[in-house]
Amino acid sequence: MLLEPGFLIVQTLNGLQLSMLLFLLSIGLSVVFGMMNFINLAHGTLYMVGAYLALSTVRWFDSFWVALALAPLGVALIGALFYAVLLRHMQRQSPMRQVLVTFGLIFVGFDAVRMVWGVLPHTIPVPETLAGRVYVLGEVYPAYRLFIIAIGLAVLAALYAGLERTRLGAVVRAGVDDRTMVAALGIDVERAFFLVFCLGCWLAGLAGVVSAPVFSIFPGMDMSILILTLIVVVVGGPGSLKGAVIGSLVIGMVDTYGQVVAPEFARVTIYALMAAVLLVRPHGLFPVRRTH
Amino acid sequence: MPGRDPLHLPAAAALVVAAGAAWYGGDFFLHEVLAEIAIFAIFAMSLDLLVGYAGLVSLGHAAFFAAGAYATASFTVFLGWPAPAATVAAVGCAAALAAVAGVFAIRVGGVFFIMITLALGQMVYAYFFKAREFGADDGMAGIPRPDLAALGLDAAEPHVFSALTLIAAVAVWVLLLVVVRSPFGAMLVAIHRNESRVRALGCPVQRYKLAAFVLAGAIGGFAGSLIAQHTGFVSPDLGFWTVSGEVLIMVIVGGMGSLVGAALGAAVLVLLRHELSDGAFWEAIGLSADLASYWQFVMGLFFIAVVLLAGDGLYGRLASIARRGRRLRRRGA
Amino acid sequence: MSLWEPFSIVAVLPTGDRLYSRLSSIARRGRPPRWREPPRAGGDAMSAPILRAEGITHAFGSLVVTDAVTLTLAPGERHGLIGPNGAGKTTLFNIIAGEIVPEAGSVHLAGVNVTRATPDRRARLGLARSFQRNNLFTDLTVRENLAIACAIAHRVSHVAWKAFARHREVHESAEAQAAALGLGEVLDTVTRHLSYGTQRQLEIALALALEPKILLLDEPTAGMSPEETAAMQAMIAALPATLTLLVIEHDMEVLFGLADRITVLDYGKVLLQGEPREVRDSDVVRSRYLGTQ
């Protein structure tokens, strides 16, 4: 079964789809970590909120595309609010306190979602234009899942161009390298960080929206994806686009193939992989910071 | 540096007296809560050794809690060992697990350490969640408590078992106090303050961190063994990472780097969790009992407030008040 | 699925070098440290170099900061290291101290190859260092700073059962160390309240508490007032004659006053090695370095 080409194609596409979702989630987390040495545990909550906002938007406007446009913006807005109210005042606190504030937010977010949308799982329908199936190398595959892969690739291309070509991108790259140096040059790192943080939230929301028609939406959907995302950051090495891409691909593929080849071990395989990477490279595959 | 805190012994004595009084006057329900507080106090003190003294902020400490609980369940249910023997073996298992996990975790510091311990902890959770031998996501039931018939006592009685856990908590406190006041404990604090200097002085820093990690893991496993006997069953949820987060909050509520503080934080959080999830509490303060089902919302806000406002924690607040009092008295004299 | 299967994945992983060395060093714990072994038969302990850094080459990216540098110190030698900014002094220093593993070359300490050894292992082999910027336990007192160093030197730092306060011998030797280096009066002052010069002295006192065979000093008089510099010079001059010194120093006069031999680094290469007089008279050095003064 394992070596049948059809099986391989379908599973690889599934893996690619998961990889792209993980990429959307991990890139924001990773770059913020690289710039500010800060990890937002509520990132998964933003993903969940993105999915729920999509659910409500679809109910009101009856259009997935409106949800795709609006829900991530809503999540970015929540992220901006979070930054303004809490995070901005916590820059001088120890990393542990920053992390634990976002830990508290997970509980708040979880119950807030239960209050607003209830505890039952929901789904939203796949948009009609993408409801069909297409042939990929002779295998039937849902068009919508290809759409997820396309979105991931588009975001990757846009981010790559943005990081390499724009001024903000240059500030971000320099900020990851040596934040104090950039600040000493009179550049407003704070503002760059705020923009990157909001972009990361927007991407988390986007991931929530595009995954909503495939997975069910329920309170607690944030937890498992958060852990996977953190593993991507740890394995890839925080702070680099390359790390997030490679990390997502590796984890997405291993998880997908793990689920079908050895379902009993599914998640344990991922952890074993992570352990193996950490054994050889304690700071991930592509660490940006110099590690003595 | 540990050892020059005049408040520590009086505070510990006060806490023990309070626990003793609550135990003496308590009913069935209070005894259950007391046992839970004692167990989480042990768990929080073990984490405080890492966080407050060695400066290693672990978000995966629940893994050892779960390992201790599952080991106790396995040795008693599968092999029929008596509970005390199973506890000893469980502590060993948790220590061994901590030794393996520690080798991976201690190589990095700061936020990366937080993330790696979180991921390693989730690995343990994922294992127990899937492992059919251990009942997968259902967990295991039927874990016995120690047989105290020889003493004419029945550990199944809440007042007996809560007394046992309170004694265990005091014993762990004494053990950890000895450790943090020893040269080893001083070295952990020194590593926390200035790792590169300690290394340049010839101290094999990594070994010390690993030793602290293993000791904390072993005591966390001990707490896990007690919780398994307390509730009589184990489930993968014991090892979920939010448990690690909560125990870390306990340490912060009480004040990092003071063992009594960690115990105090455990008491506060366990009581708060019981009250918030109890409809009667919400009715008593004039609100709808339905709010009890959203207790996590309030708990989350409480966590955020604690982290933002606690500073040195409850114990740190007490210590600074005590210092101010002494200064005033000296000035008056 | 067996009980241990998921974990056996970890167990059969190819062991990384660093993990292996860590595990083996844990396994070695308790055996006597190697530097206490008697010198090998036939070797003349006194003439053998205490420190030998050979062909040290290291680059940060494409920038080669040390290029095939060789440095040999005899026991009791006082060696100065000078060179303009960016000459590679600090990198060489960090390679010798163990903070950086060089890309090529080797470091031998008392005959032991320590090229890849950690800083703490080198310290146990008898190498102590001061830091260019004060690197102290700033919120502890002078007494506590020294007690930490002495606990390590007395090999009781691992003791976890007997209270630190009851290790009399450690605290006595910390006090003696402080008295010997003129820190007796500030024993119970919290370090960050000390003057800069006194902190600098404590920096060296911590290193000396290890009773090292070789002491690396990284710009001991940097940022000091003339009086503080004079006090530091006196302190260094009073160090036991058997102690080997390697000193980075910007102040030429300080260095010419205390060094037996001097190595001049320039763009990562050794420009000249010799006695202070040779260095002072060298045209090359004069044009490249002293010429600017």
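About the thresholds
Residues numbered from 1 in each chain as written. Chains lettered and ligands numbered in written order. Predicted model: local features only at pLDDT ≥ 70, side-chain atom pairs only at ≥ 80, totals over all residues. Helix = DSSP H or I, 4+ residues; strand = E, 2+ residues; numbered from the N terminus. Contact = placed C-beta atoms within 7 Å. Rg over C-alpha atoms; globule rule 2.2 N^0.38 Å. Buried ≥ 20, exposed ≤ 12 C-beta atoms within 10 Å, placed from the backbone. Core = buried A, V, L, I, M, F, W, Y, C linked by C-beta atoms within 7 Å. Domains from an automatic or database assignment. Expected span 1.5 Å × (residues − 1). Pairing = 2+ DSSP bridges. Axes fitted to C-alpha atoms, helices over the stretch in contact; angles between N-to-C directions. Nonpolar A, V, L, I, M, F, W, Y, C, P; charged D, E, K, R; others polar. Parallel < 35°, antiparallel > 145°, perpendicular 65-115°, else oblique. Left-handed = near helix turned anticlockwise from the far one by under 90°. pLDDT = per-residue confidence, 0-100.

1. A short note on the overall build of chain B
Right, so step 1: Helix and strand content of chain B: 14 helices and two strands.
Right, so step 2: Each principal axis of the C-alpha atoms in chain B carries an extent, and together these give about 55 × 50 × 45 Å.
Right, so step 3: Restricting the contact set of chain B to residue pairs at least 6 apart, pairs at least 24 apart contribute 77%.

2. Section: the overall build of chain A
Right, so step 1: A count of helical and extended segments in chain A gives eleven helices and two strands.
Right, so step 2: Computed over its C-alpha atoms, the radius of gyration of chain A comes to 19 Å, within 12% of the 19 Å expected for a compact globule of 292 residues.
Right, so step 3: C-alpha atoms of chain A, sized along the principal axes, occupy 55 × 45 × 35 Å.
Right, so step 4: The buried share of chain A, reckoned over its 292 residues, is 52%.
Right, so step 5: Excluding contacts between residues fewer than 6 apart, the proportion of contacts in chain A whose partners are at least 24 apart in sequence is 76%.

3. Brief notes about the nonpolar core
Right, so step 1: Residues B:Ala41, B:Ile42, B:Ala44 and B:Ala263 are the most contacted members of the largest nonpolar core, which totals 305 residues.
Right, so step 2: Residues from two domains meet in this core; each of domain 1 (48–126 + 212–293) and domain 2 (134–210) of chain C gives at least three.
Right, so step 3: In contact with B:Ile42, other than residues within four places in its own chain, are B:Ala168, B:Ala169, B:Val172, B:Ile219, B:Phe222, B:Ala223 and B:Leu226.

4. Describing helix 7 (residues 196–208) of chain C
All names here are of chain C.
Right, so step 1: The end-to-end C-alpha distance of helix 7, which contains 13 residues, comes to 19 Å, matching closely the 18 Å that a straight helix rising 1.5 Å per residue would cover.
Right, so step 2: When you tally the buried positions in helix 7, you get ten out of 13 residues, the bulk of the element.
Right, so step 3: If you check which residues of helix 7 are buried, you get Thr 198, Arg 200, Gln 201, Leu 202, Glu 203, Ile 204, Ala 205, Leu 206, Ala 207 and Leu 208.
Right, so step 4: Check the buried side of helix 7 and you find it contacts strand 6 (127–129), helix 5 (142–153), helix 6 (168–180), strand 7 (214–218) and helix 8 (226–237).

5. As for the sheet that holds strand 10 (residues 269–274) of chain C
What links the strands of a sheet is backbone hydrogen bonding, and the strands pair in either a parallel or an antiparallel sense.
All names here are of chain C.
Right, so step 1: Ordered by their spatial adjacency, six strands build an open sheet running 6-7-8-3-9-10, and the pairing between neighbours is mixed. Strands with a single pairing partner mark the edges of an open sheet, and in this sheet they are strand 6 and strand 10. Neighbour-to-neighbour, the strand axes of the sheet open up by a mean angle of 15°, direction not taken into account.
Right, so step 2: As paired elements, strand 3 (residues 78–82) and strand 8 (residues 244–248) share four bridges and run parallel to each other. Its bridge partner lying in strand 8, Arg 78 is registered against Leu 245.
Right, so step 3: Packing against the sheet, helix 3 (residues 89–97) makes contact with strand 3, strand 6, strand 7, strand 8 and strand 9 (261–266), and its axis sits at approximately 150° to strand 7.

6. Some words on the pairing of strand 1 (residues 51–60) of chain C
Residues and elements named next belong to chain C.
Right, so step 1: Note that strand 1 and strand 2 (residues 63–73) share seven bridges and pair antiparallel. The residue bridging Phe 60 from the neighbouring strand is Leu 63, located in strand 2.
Right, so step 2: If you look at the hairpin formed by strand 1 and strand 2, you'll find two residues sitting between the two strands, and Gly 61 has a positive phi there, around 65°.
Right, so step 3: Where strand 1 lies against strand 4 (residues 104–109), five bridges are found, and the strand directions are antiparallel. Counted as the bridge partner of Thr 57 is Ala 104 from strand 4.

7. Digging into the interface of chain B and chain A
Interfaces are frequently sized by the accessible area removed from exposure as the parts join.
Right, so step 1: Between chain B and chain A, the contact holds 31 residues from the first and 34 residues from the second.
Right, so step 2: Broken down by secondary-structure element, the contributors of at least two residues to the side of chain B that touches chain A are helix 5 (110–130), helix 10 (241–254) and helix 13 (295–309) of chain B.
Right, so step 3: For the side of chain B that touches chain A, the leading source of residues is helix 5 of chain B, giving 13 residues.
Right, so step 4: For the side of chain B that touches chain A, the residue count by class is 24 nonpolar, five polar and two charged.

8. Observations concerning helix 2 (residues 43–61) of chain A
Residues and elements named next belong to chain A.
Right, so step 1: Taking 1.5 Å per residue, 19 residues should reach 27 Å; helix 2 reaches 27 Å between its end C-alpha atoms and fits that length.
Right, so step 2: Counting buried positions along helix 2 gives 14 out of 19 residues, so the element sits mostly inside the fold.
Right, so step 3: Of the residues one or two after helix 2, Asp 62 is the one with positive phi, at around 55°.

9. A word on unusual backbone geometry
All names here are of chain C.
Right, so step 1: Positive phi, normally seen in glycine, also occurs at Glu 211, with a value near 50°.
Right, so step 2: Topologically, Glu 211 is positioned in the loop between helix 7 and strand 7.
Right, so step 3: Although it is not a glycine, Tyr 267 adopts a positive phi angle of roughly 45°.
Right, so step 4: Its location among the elements puts Tyr 267 in the loop between strand 9 and strand 10.
Right, so step 5: For Tyr 267, a count of 15 C-beta atoms within 10 Å puts it in the partly exposed group.

10. Quick word on the sheet that holds strand 4 of chain C
Residue and element names in this part refer to chain C.
Right, so step 1: Taken in spatial order, the four strands line up as 2-1-4-5 in an open sheet, and their pairing is antiparallel. Looking along the sheet, the strands with just one partner apiece sit at the ends: strand 2 and strand 5 (112–113).
Right, so step 2: As paired elements, strand 4 and strand 5 share two bridges and run antiparallel to each other. From the neighbouring strand, Leu 109 faces strand 5, where its bridge partner is Val 112.
Right, so step 3: Sheet contacts for helix 3: strand 1, strand 2 and strand 4; angle to strand 1, the most-contacted strand, approximately 120°.

11. Side note on the environment of C:Asn135
Right, so step 1: If you trace the backbone, C:Asn135 turns up in the loop between strand 6 and helix 5.
Right, so step 2: As for C:Asn135 and C:Glu203, which are separated by 68 residues in sequence, their C-alpha atoms are 7.0 Å apart.
Right, so step 3: Contacts of C:Asn135, omitting those with residues within four sequence positions, involve B:Asn194, B:Ser196, B:Arg197 and C:Glu203.

12. Focus on the packing of helix 2 (residues 28–53) of chain B against helix 10 of chain B
Residues and elements named next belong to chain B.
Right, so step 1: Where helix 2 contacts helix 10, the axes come no closer than 9 Å and their chain directions differ by 75°. In terms of axis orientation, helix 2 runs roughly perpendicular to helix 10. Note on element contacts: helix 10 touches helix 2 through Val 247, Leu 248, Met 250 and Val 251, opposite Phe 40, Phe 43, Ala 44, Leu 47, Asp 48, Val 51 and Gly 52.
Right, so step 2: Per-class residue counts for the contact of helix 2 with helix 10 are nine nonpolar, one polar and one charged.

13. Some thoughts on the packing of helix 1 (residues 8–25) of chain B against helix 11 (residues 259–276) of chain B
Residues and elements named next belong to chain B.
Right, so step 1: Closest axis-to-axis distance for the helix 1/helix 11 pair is 9 Å, and the angle between their directions is 30°. Considered as vectors, helix 1 and helix 11 are oriented roughly parallel to each other. The handedness of the crossing between helix 1 and helix 11 comes out as left-handed. Packed against helix 1, whose contacting residues are His 8, Ala 11, Ala 12 and Leu 15, the element helix 11 presents Val 260, Ala 263 and Leu 264 at the interface.
Right, so step 2: Residues that form the contact of helix 1 with helix 11 fall into these classes: six nonpolar, one polar and no charged.

14. So, the confidence of the model for chain B
All names here are of chain B.
Right, so step 1: Per-chain confidence: chain B averages 87 in pLDDT, with 98% of residues scoring 70 or above.
Right, so step 2: Mean pLDDT across the secondary structure elements of chain B bottoms out at helix 14 (residues 313–332), with 76, and peaks at helix 9 (residues 205–231), with 94.
Right, so step 3: As scored by the predictor, the complex reaches a pTM of 0.85 and an ipTM of 0.83.

15. Quick word on the environment of C:Gln177
Residues and elements named next belong to chain C.
Right, so step 1: Topologically, Gln 177 is positioned in helix 6.
Right, so step 2: Its 22 C-beta neighbours within 10 Å are what place Gln 177 among the buried residues.
Right, so step 3: With 32 residues separating them in the primary sequence, Gln 177 and Ala 209 have C-alpha atoms 6.7 Å apart.

16. What about the environment of B:Phe112?
Right, so step 1: In this structure, B:Phe112 sits in helix 5.
Right, so step 2: Considering only alpha carbons, one finds B:Phe112 and B:Ile143, 31 residues apart in sequence, at a separation of 37 Å.

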